[in-house]
Amino acid sequence: MSIQLIQQAIHYMEEHIYEDINYTDVAASIHMSNYNFHRTFSFIAGMTANEYLRSRRLTLAAQELQTTDLSVIDAAYKYGYESPESFSKAFLRFHGSTPKQAKKPGAKLHLFNPLVIKIITEGGSIMDYRMEHKESQQFLAMVRAFPNEIINDDSDHSIPDFWTECYDKNLVEPMKQLRKEGKRDVYGLCSPTKENETHFNYGIGIIVDDDTDRAGLDALLKSGYTIWNTEPADYAVFKCLGDDGDCIGEVWGKFHKEFSPQTGYVQTDDTDFEIYFEKGEKGLFCELWVPVTKG
């Protein structure tokens, strides 16, 4: 289960806290792809693994500066910083005091304890969903690679900006016109690249099937569009209800914190996607399709 794997990841980070590790090393330790680990950890813990490591190291550094004769320079290198200056800046942002002030009595410091992940089961229905199986699918899409670190970063608008760019440049409508009226749904495709990669691919596109204009398809492929293939997979399907993309993040949060722990389904490394229906029901922003298997 995701919860158990995340707790294993935390244990690994605590055991190797003084070593030069980041989220990619932690993902490898529990045999998860970088992308899925980054997404799962951040949804469950409310922070990225790199943020967790940074907060724990700065907590331990403060305690050691207060209770030993460790110098600020030695503390900087011991806790993974390239210079005393970068260490002092990070320390001040986190604690509100400088490392030199931390060595004196009365310094104000923050304490960030190791996380313990717990499952909280509440009564009633946690969320509406349905299970679907899909054989191999093919899509036509505009595709771009994004760094894993943008996942769950509320200040980052890279993917919404990509959508805006595609519409502003009239890249979506030509794809939709390849489909028959009433079947012009648009897909947001999301997939990790390779297991050890630091980026994932995101595509905006349409499904390719017997209702797709093949001649028009070939023309678009010559102008920068890409074919995106998926493997057969089982999906948990959720409705994202709301006026904007915030509802997608809310459903992802519930998937990791509630749905997965209580059902035993975990996300696989296959493509997940959103469907933006040409004619959707009232209040429906999109459907979220998450590839899953029993953990």
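Residues numbered from 1 in each chain as written. Predicted model: local features only at pLDDT ≥ 70, side-chain atom pairs only at ≥ 80, totals over all residues. Heavy atoms only, no water.

Caption draft 1: Fine view of a negative patch on the surface. Together, Glu 51, Asp 153, Asp 154, Asp 243, Asp 244, Asp 246 and Glu 250 line one region of the surface with negative charge. With respect to the secondary-structure elements, Asp 246 resides in helix H11 (residues 246–263). (Patch = residues over 30% accessible without salt bridge, like charges linked within 9 Å, V, L, I, M, F, W, Y side chains within 5 Å. Areas by Shrake-Rupley, 256 points an atom, 1.4 Å probe, with all protein chains shown as cover. Salt bridge = Lys/Arg side-chain N within 4 Å of Asp/Glu carboxyl O. Lys, Arg positive; Asp, Glu negative; His and termini not counted. Charge placed at Lys NZ, Arg CZ, Asp CG, Glu CD. Helix = DSSP H or I, 4+ residues; strand = E, 2+ residues; numbered from the N terminus.)

Caption draft 2: Just the pairing of strand E4 (residues 199–207), in detail. Where burial is concerned, most of E4 is hidden: seven out of the nine residues are buried. Direction of pairing for strand E2 (residues 137–147) relative to E4: antiparallel, over a ladder of nine bridges. For Pro 147, the partnering residue across the bridge sits in E4 and is His 199. (Buried < 20%, exposed > 50% of the residue type's maximum accessible area, 1.4 Å probe, protein only. Pairing = 2+ DSSP bridges.)

Caption draft 3: Quick look at H11. The end-to-end C-alpha distance of H11, which contains 18 residues, comes to 24 Å, matching closely the 26 Å that a straight helix rising 1.5 Å per residue would cover. In the structure, H11 departs most strongly from a straight axis at Phe 255, where the bend amounts to approximately 45°. Turning to H11, its buried residues are Cys 247, Ile 248, Val 251, Trp 252, Gly 253, Phe 255, His 256, Phe 259, Ser 260, Pro 261 and Thr 263. Residues of H11 that are buried in the fold lie against helix H1 (2–15), helix H3 (34–45), strand E6 (233–241), strand E7 (265–267), strand E8 (272–276) and strand E9 (284–294). Gly 264 sits one or two residues past H11 and shows a positive phi near 85°. (Expected span 1.5 Å × (residues − 1). Bend = angle between axes of the 7 residues up to and from the residue. Contact = heavy atoms within 4.5 Å.)

Caption draft 4: A look at the packing of aromatic side chains. In total, this model carries 26 aromatic pairs according to the counting rule given. For the pair Phe 146 and Phe 200, a centre-to-centre distance of 6.1 Å together with 35° between the ring planes defines the contact as tilted. In this pair, Phe 146 sits in strand E2 while Phe 200 sits in strand E4, placing the two residues 54 residues apart along the sequence. Like Phe 200, Phe 146 is buried. Chaining the aromatic ring pairs together yields one cluster made of Phe 43, Tyr 129, Phe 238, Trp 252, Phe 255, Phe 259 and Tyr 265. Looking at Arg 39, its charged tip hangs above the ring of Trp 252, at a distance of 3.9 Å from the centre. Over the face of the ring belonging to Tyr 265 we find Lys 294, whose NZ or CZ atom lies 4.5 Å from the ring centre. (Phe/Tyr/Trp six-rings, centres within 6.5 Å; stacked < 30°, edge-to-face > 60°. Lys NZ or Arg CZ within 6 Å of the ring centre and 35° of its normal.)

Caption draft 5: Geometry of the state of the cysteines. All told, the structure shown has zero disulfides when counted by the stated rule. Cys 166 forms no disulfide, and the closest cysteine sulfur to it belongs to Cys 190, at a distance of 14 Å. With no disulfide of its own, Cys 247 lies 4.9 Å from the sulfur of Cys 240, the closest cysteine sulfur. Residue classification places Cys 247 among the buried positions, given a relative accessible area of 4%. (Disulfide = S-S within 2.5 Å.)

Caption draft 6: Geometry of the side chain of Thr 40. As for its position among the elements, Thr 40 is in helix H3. In this view, Thr 40 contacts Ser 2, Ile 6, Met 32 and His 256; residues no more than four positions away in its chain are not counted.

Caption draft 7: How the structure looks around the pattern of salt bridges. Overall, the coordinates contain 12 salt bridges when judged by the stated rule. With a shortest N-O distance of 3.9 Å, Glu 173 and Lys 176 are connected by a salt bridge. Note that Glu 173 and Lys 176 are positioned in helix H9 (residues 173–176) at a spacing of three residues, about one turn of the helix. Judged by relative accessible area, which is 33%, Glu 173 ranks as partly exposed. With a relative accessible area of 19%, Lys 176 lands in the buried category. Its salt-bridge partner being Lys 183, residue Asp 211 comes within 2.8 Å of it at the nearest N-O pair. One end of the pair, Asp 211, is in the loop between E4 and helix H10 (214–221); the other, Lys 183, is in the loop between H9 and strand E3 (186–192), and 28 residues separate them in sequence. Here the salt bridges share partners, and the residues they tie into one network are Arg 130, Glu 132 and Glu 287.

Coordinates in, geometry out; function isn't part of it.
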